[in-house]
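Spelled out, the chains give:
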Amino acid sequence: MLSLQRRSNELAIYPGFCIIFFSGRRPAFTELFANLGEEEIMPPGRRSLCAIILSAAVVAFLIVAPAVAHAILLESNPPLKSAVSGPDVPIKLRFNVRIDALRSRLTLIHPDGSAQALEINKQTPADTLSAEATGLAPGTYRLRWQVLASDGHITRGEIPFTVTPS
Amino acid sequence: MARLLQVFGFLSVLFRGATLTFQSLAVGGIVFLIFVVRCAKEDLVAIQEACLRSIRRSAIVLAVMQISYVLANSLILRRSADMSLREIAGANFVLAGAIGFVAALNVIALTTARRSSGYTDLLLPAVAIMASSVMTSHSVARLDYRVPLVAFTALHQAATASWLGGLPYLLIAIRRAPTPDFARQLCARFSQLALASVAMLASAGLVLGFAYVGSFKAVYGTSYGAMVATKVLLFGLLLFLGALNFQLVRRGPASSILASLKRFGEAEIGIGITVILTAASLTSLPPAVDLTHDRVSGQEIFARMSPRSPRFASPSVQELPEDAYAAQKKAFESGSLSTESYVPGQTGTRPNTPAEKAWSEYNHHWAGIVVLSMGLMALVAQAGKVSWAHNWPLAFLGLSAFLFLRSDPETWPLGPVGFWATLADPEVLLHRFFAVLVIALAAFEWRVQTGRVVSGRARLVFPVLIAVSGALLLTHSHSLGNLKEEVLAELSHIPLAILAVTAGWSRWLELRLPPENQTRNVLARLWPLCIALIGVVLLNYREM
């Protein structure tokens, strides 16, 4: 029994294993291995194709698990699981990389479960998202964030916090 | 929605990996044509056409992958952030994808046209392809020293493409060289190019390593640092093969120089692809300098890795959580996992319970015993004095039975879920399928070892699978945070991966090198030794 993370790693391995295993039984694939540099069995064009297929098979089918570079949250206001006084709460999230603020989203989940999209301020440092949550009644909230990093990769997360009466 | 995002998230990763590979192949081919083949002489037509064909095919796949990557990422954004197409169109990754796509089309057009002069016109789209790749690298998103980091990333990627991307073209060209002398010339020119590329990629890599890792403690204390160290080790392995080539050209028997060079070239391509996979894996991690909390200390590594007696008592099935997925989902929904950053479609991680860890350690330790026995028997078999030792692949059957019984304890025969019901679960089905595959591999390699199969190609399946398994271990998914358990797991998997890659390619070379090459004798002992060492590492595997 493994955690989901580990399971997803395992799952990543099996398709690659199977594909390579069966590719190994296809003539084109095995010819490539068996005859590199020996007498011509395959026409040259087909061999070149096989060279490409080899690299494609190994990389395109086997890079199944790695994701791409992602932004991580370094600090936030309100801090994680903190209590802040309402009703107006300034929101500021700082990441480890440049963020495409135009294509990022902040959503506030209210105690009753309703979602409110927050307007992101345009004039902030490149690594920061900021917004204003106003008129918040006391209760438990969750701030959902989704950012697009400048290198094109998407990350999301959630910050639970509590609003107390001022 | 979550499942859809998961599918597209998975696809975007697939496309990204393929893009990196085919850009290396396309650019590597162009550099090879310009700097190694050099001129368009009459008697070189076969080489040029073969290289142009391969470059064109790489560019076609690259163009398709670029478009697919942009589409998958756009769909994720559209679904997860409810963004309009106009908004998405202005994103940096769309611009980078468009540049890469147009450049790839340009390469296709230029390599299709008949030509009588040189190939320098291909350089411009090659530069554009590299630029599109750099635009989606770590360097572009950095806050400090952005311009120099972009420049060093460009140098690092260009050098990688010239060297590793050029290697398949060297093999293609050697095969078609009109005379052995010309083949030697090609090798000498490529050697110069490779030396320059290696120097460039090592220098740029050093600067990038310093910028992204930052300190020696981060090398072993973070996943990113550990993966960089692995990349350096594999790079060292490639350099070692290069040194063998050098030695061969200087002192080897003239009759087998070219044949040996080709075989070393094959192994270099394989290990080179592993390095690219490791590099792709690195891009999934935030740089070590950004993760200053919760790093693993030297003492923690020592405590985890110091030798202890293996665990031969397993917890009972009743001690394990009823359903790992349900437990995970519950923890996530309760908010206990929400402190992490995660990618769309991902659901965070739940720490394993002590019973789960003990279950896993027990599995690893028994697998270690089987693998260690296989390695030792193979070592004895290679010595040629004990004939029954050639039956060592049959030990795989034990591994298969073990996998069948222990991989999914909640299912038949250990758990309450019936056999037929488990077949509806894709994960369990895959595990079952894998168990059958291991049986097939056992039968296959047993026939090879006992001389029932003598075909050259059939014998290569085993080394390829071993090397591929090693590469896969280096490319599995990582946590975005600096979770200590993840880093420690990473550190225990890395030696396994390096040993598997070494075992696979040394067996490959043993089978492929010409008989007069003396290195074969060393390699024949090296791969069983690596397999035995994999067993030893598995026997000391710990999760707590």
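Criteria and thresholds
Residues take numbers from 1 onward in each chain, read along the sequence in its written order. Here the convention is simple: chains get letters from A, ligands get numbers from 1, in the order in which they are written. Predicted model: local features are reported for residues with pLDDT of at least 70 only, side-chain atom pairs are reported and counted for 80 or more only, and whole-chain, interface and lining totals are derived from all residues. Secondary structure counts use DSSP, requiring at least four H or I residues in a row for a helix and at least two E residues in a row for a strand, with both numbered from the N terminus. Backbone-placed C-beta atoms define the burial measure: a residue is buried with 20 or more other C-beta atoms within 10 Å of its own, exposed with 12 or fewer, and partly exposed in between. Contact criterion: two residues are in contact if their C-beta atoms, reconstructed from the backbone, are within 7 Å. To obtain each axis, a line is fitted to C-alpha atoms, and for helices this fit is confined to the stretch in contact; angles are then taken between N-to-C directions over 0 to 180 degrees. Roughly parallel means an angle under 35 degrees; roughly antiparallel, over 145; roughly perpendicular, 65 to 115; everything else is oblique. Here a crossing is taken to be left-handed if its near helix is turned anticlockwise relative to the far helix by less than a right angle, and right-handed if that turn runs clockwise. Gly is put with the polar residues, along with every residue not named as nonpolar or charged; the nonpolar set is Ala, Val, Leu, Ile, Met, Phe, Trp, Tyr, Cys and Pro, and the charged set is Asp, Glu, Lys and Arg. Here, any two strands with at least 2 DSSP bridges between them count as paired. Take the number of residues in a helix, subtract one, and multiply by 1.5 Å to get its expected span.

**Q** What is the right way to read the overall build of chain A from this model?
**A** Of regular secondary structure, chain A possesses three helices and eight strands. Ordered by position from the N terminus, the helices and strands of chain A form the series α-α-α-β-β-β-β-β-β-β-β. Classification of the 166 residues of chain A by burial places 47% in the buried group. The long-range fraction of contacts in chain A, counting pairs at least 24 apart against all pairs at least 6 apart in sequence, stands at 62%.

**Q** Looking at this structure, I do not really get the overall build of chain B. What am I missing?
**A** Scanning chain B from terminus to terminus reveals 21 helices and zero strands. With 544 residues in all, chain B has 50% of them scored as buried. Considering only intrachain contacts with a sequence separation of at least 6, the fraction spanning at least 24 residues in chain B is 79%.

**Q** Would you mind going over the packing of helix α2 (residues 45-81) of chain B against helix α4 (residues 92-112) of chain B with me for this structure?
**A** Packed helix pairs are specified by the crossing angle of their axes together with the interaxial distance, meaning the distance between the axes. Residue and element names in this part refer to chain B. Put simply, α2 and α4 touch, their axes get as near as 8 Å, and they point 160° apart. Between α2 and α4, the angle falls in the class roughly antiparallel. In the packing of α2 onto α4, the handedness of the crossing is left-handed. Taken together, the residues of α4 that come into contact with α2 (itself represented by Leu52, Ile55, Arg56, Ala59, Ile60, Leu62, Ala63, Gln66, Ile67, Tyr69, Val70 and Asn73) are Phe93, Val94, Gly97, Gly100, Phe101, Ala104, Leu105, Val107, Ile108, Thr111 and Thr112. A per-class count over the contact of α2 with α4 returns 16 nonpolar, six polar and one charged.

**Q** Explanation requested: the sheet that holds strand β5 (residues 115-118) of chain A in the structure shown.
**A** Strand pairing in a sheet is mediated by backbone hydrogen bonds. Such pairs are either parallel or antiparallel. All names here are of chain A. Sheet architecture is open: five strands sit in the order β2-β8-β7-β4-β5, paired in mixed fashion. The sheet terminates laterally at β2 (83-85) and β5, the two strands that pair on one side only. The average undirected angle you get between the axes of adjacent strands in this sheet is 35°.

**Q** In this structure, what is going on with helix α9 (residues 180-212) of chain B? I would like to understand it.
**A** Because each turn of an α-helix spans 3.6 residues, side chains separated by three or four positions end up pointing in the same direction. Residues and elements named next belong to chain B. Helix length check: α9 (33 residues) gives 45 Å between terminal C-alpha atoms against 48 Å at 1.5 Å per residue, within 8%. Where α9 is concerned, the buried positions are Ala183, Leu186, Cys187, Phe190, Leu193, Ala194, Ser197, Leu201, Ala204, Gly205, Leu208 and Tyr212. Gly214 occupies a position one or two residues after α9 and carries a positive phi of about 90°.

**Q** Teacher, can you tell me more about the environment of Thr222(B) here?
**A** Residue and element names in this part refer to chain B. Position of Thr222 among the secondary structure elements: in the loop between α10 (216-221) and α11 (223-251). For Thr222, a count of 29 C-beta atoms within 10 Å translates into the label buried. Once the C-alpha coordinates of Thr222 and Ile369 are considered, the two residues, 147 residues apart in sequence, prove to be 30 Å apart.

**Q** Can you help me understand the sheet that holds strand β6 (residues 128-133) of chain A in this one?
**A** Residues and elements named next belong to chain A. Pairing within the open sheet is antiparallel, and its three strands lie in the order β1-β3-β6. With partners counted over all chains shown, the strands left at the sheet margins are β1 (73-77) and β6, one partner each. Each strand of the sheet is rotated relative to its neighbour by a mean of 10°, with strand direction disregarded. Relative to strand β3 (residues 89-95), β1 is paired through four bridges, and the arrangement is antiparallel.

**Q** Would you take a moment to explain the pairing of strand β7 (residues 139-148) of chain A for this structure?
**A** The side chains of a regular strand alternate between both faces of the sheet. Residue and element names in this part refer to chain A. Both strand β4 (residues 105-109) and β7 contribute to a ladder of five bridges, which runs antiparallel. Across the sheet, Thr107 pairs through a bridge with Arg144, a residue of β7. Taken together, the 10 bridges between β7 and strand β8 (residues 154-164) define a ladder with antiparallel strand orientation. The residue bridging Leu143 from the neighbouring strand is Ile159, located in β8.

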